[in-house]
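Coordinates in review
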Amino acid sequence: MRRWHLYEGRQTPWSFFDKIYVVSLPSSLDRRAYVGRHLADLGIEGFVYHDACGPDHPDVKKIVSANLVHQYPPCFRCGKLSCGRADCNNQLIGPQVAVFASYLNLWKTIAATPQRALVLEDDVQIHPWWPKVLDFLSKQESQGRIEFAPDQPRLLRLGWGMSADHDDTACRLEDKLRMSNPAHALTSAYAQALLDRFEGVNHTADVFIHRDAPKPGEALTVFPPIASELSWSDGRFSSLIHPRNSHAAYLEAQGQSQKASAYRDLVKTHMTQVAHTSKEN
């Protein structure tokens with residue numbers, strides 16, 4: 001029998017999850033306006049904003065002052081002094097530490113109450129085949145093919161940057177790694193596991209959640225992905241971590257050439273501040 005919960009008094013495919021969280025900076029009014037409309041159009045009315053931290057947030061300062069952030073050298077990505085690319089982001093910057101602090105706080109919230117939580121970022125784009133994917137997950141669970149109970153540490157990767165994966169294909173579950181911060185689901189037991197396994201900000205939050213923290217059998221990737229995001233994939237929103245030329249291209253397409261040019265200059269300036277070019281040993 002299909003295992004759908006009552007969600008806001010009604011049964012919907014979204015009821016596969018007990019709670020839905022949207023990670024968002026309180027100051028990101030444009031993103032909040034967008035995601036509120038987008039989720040309402042999909043019948044999601046009971047989501048909760050999880051207020052993200054900015055680089056100056058006290059929780060970020062605590063992590064930094066406790067010497068829990070990896071420092072260059074070497075590069076946190078490849079472990080070398082240089083990968084040979086002048087634009088390589090090889091040191092963790094304030095916004096990346098802030099993202100990690102935001103997720104640490106969210107995991108505490110999820111771990112505190114038994115639940116199956118869906119986590120979305122505020123520039124998420126849900127694709128039209130989401131009902132069949134959620135129905136597939138519900139059937140997989142009811143038939144005993146997957147276990148997604150709150151007391152079991154489990155992670156479902158549900159959405160990532162636009163790629164060839166985003167075709168409306170047959171539903172399947174694999175263990176392929178995808179960085180799925182735009183849309184992923186986790187149990188309260190996995191949230192607690194993330195807290196228990198956290199030793200410091202040694203990489204970005206998505207790598208910790210989806211690559212480093214899961215033990216065998218804890219994480220699955222859902223195909224086709226039900227979501228992508230709008231800052232990295234098509235540039236509709238400016239990235240809050242690293243400015244990208246995709247946003248400049250979006251501005252150009254909207255006829256805002258002057259803003260696009262200024263944004264490209266911002267990208268160049270930013271990369272000179274976050275990349276080291278010392279010779280590799």
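What you see is a predicted model; the values in this text were computed from it and never measured.

**Notes on the confidence of the model for the protein**
In the predicted model, the protein carries a mean pLDDT of 87, and 82% of its residues have values of at least 70. Below a pLDDT of 50 lies the segment residues 1-10, which in the model reaches 33 contacts outside its immediate sequence neighbourhood of four places, other chains included.

**Here we look at unusual backbone geometry**
With omega at -5°, the peptide bond leading from Tyr 72 into Pro 73 counts as cis. A cis amide bond links Pro 73 with the next residue in sequence, Pro 74, at an omega value of 0°. With respect to the element layout, Pro 74 can be found in the loop between helix H2 (58-65) and helix H3 (94-112). Look at Asn 67: it is not a glycine, yet its phi comes out positive at around 55°. Within the secondary structure, Asn 67 sits in the loop between H2 and H3.

**What about the nonpolar core?**
Counting residues in each nonpolar core, the largest one holds 33 residues, and the members touching the most others are Phe 100, Tyr 103, Trp 107, Ile 110 and Leu 186. Mapped by element, the contributors of at least two residues to this core are strand E3 (19-24), H2, H3, strand E5 (116-121), helix H5 (188-197) and helix H6 (205-212). In terms of residue count, H3 provides more of this core than any other element does, 9 residues in total. Beyond its immediate stretch of four places on either side in the chain, Phe 100 contacts Trp 107, Phe 198, Gly 200, Val 201, His 203, Thr 204, Ala 205 and Phe 208.

**Things to note about the pairing of E3**
Among the 6 residues in E3, 5 count as buried, and that is most of the element. Of the pairings in the sheet, the one linking E3 to E5 comprises 5 bridges and is parallel in character. When the sheet's bridge partners are listed, Val 23 is paired in E5 with Glu 121. In the sheet, E3 pairs with strand E4 (residues 48-51) via 4 bridges, with the strands oriented parallel. Bridge assignment links Val 23 to a residue of E4, and that residue is His 50. Taken together, E3, helix H1 (residues 29-41) and E4 form a β-α-β motif whose crossover is right-handed.

**Things to note about the pattern of salt bridges**
Enumeration according to the criterion identifies 12 salt bridges in this entry. A salt bridge links Arg 116 to Glu 141, with the nearest nitrogen and oxygen atoms 2.6 Å apart. Here Glu 141 lies in helix H4 (residues 130-142) and Arg 116 lies in strand E5, a separation of 25 residues in the sequence. One salt bridge in this structure joins Arg 211 and Asp 212, with 2.7 Å as the shortest N-O distance. A relative accessible area of 44% places Arg 211 in the partly exposed class. Relative accessible area serves as the criterion here: at 42%, Asp 212 is assigned to the partly exposed category.

**Structural notes on the side chain of Asp 165**
Along the chain, Asp 165 falls in the loop between strand E7 (155-159) and strand E8 (172-174). Asp 165 has contacts with Trp 160, Arg 178, Phe 223, Pro 224 and Pro 225, leaving out every residue within four places of it along the chain.

**Examining H6**
When H6 is considered as a whole, its buried residues turn out to be Ala 205, Val 207, Phe 208, Ile 209 and His 210. Those residues of H6 hidden inside the fold are in contact with H3, E7, strand E9 (183-187) and H5.

**Some details on H1**
For H1, which comprises 13 residues, the first-to-last C-alpha distance of 18 Å matches the rise-based estimate of 18 Å (1.5 Å per residue) to within 8%. If you follow the buried residues of H1, they end up packed against E3, E4, E5 and strand E6 (124-126). In the segment just after H1, Gly 43 is the residue with positive phi, at about 85°.

Cut-offs and rules
Residues numbered from 1 in each chain as written. Predicted model: local features only at pLDDT ≥ 70, side-chain atom pairs only at ≥ 80, totals over all residues. Heavy atoms only, no water. pLDDT = per-residue confidence, 0-100. Contact = heavy atoms within 4.5 Å. Helix = DSSP H or I, 4+ residues; strand = E, 2+ residues; numbered from the N terminus. Core = buried A, V, L, I, M, F, W, Y, C linked by side-chain atoms within 4.5 Å. Buried < 20%, exposed > 50% of the residue type's maximum accessible area, 1.4 Å probe, protein only. Pairing = 2+ DSSP bridges. Right-handed = clockwise from strand over helix to strand, strands pointing away. Salt bridge = Lys/Arg side-chain N within 4 Å of Asp/Glu carboxyl O. Expected span 1.5 Å × (residues − 1).

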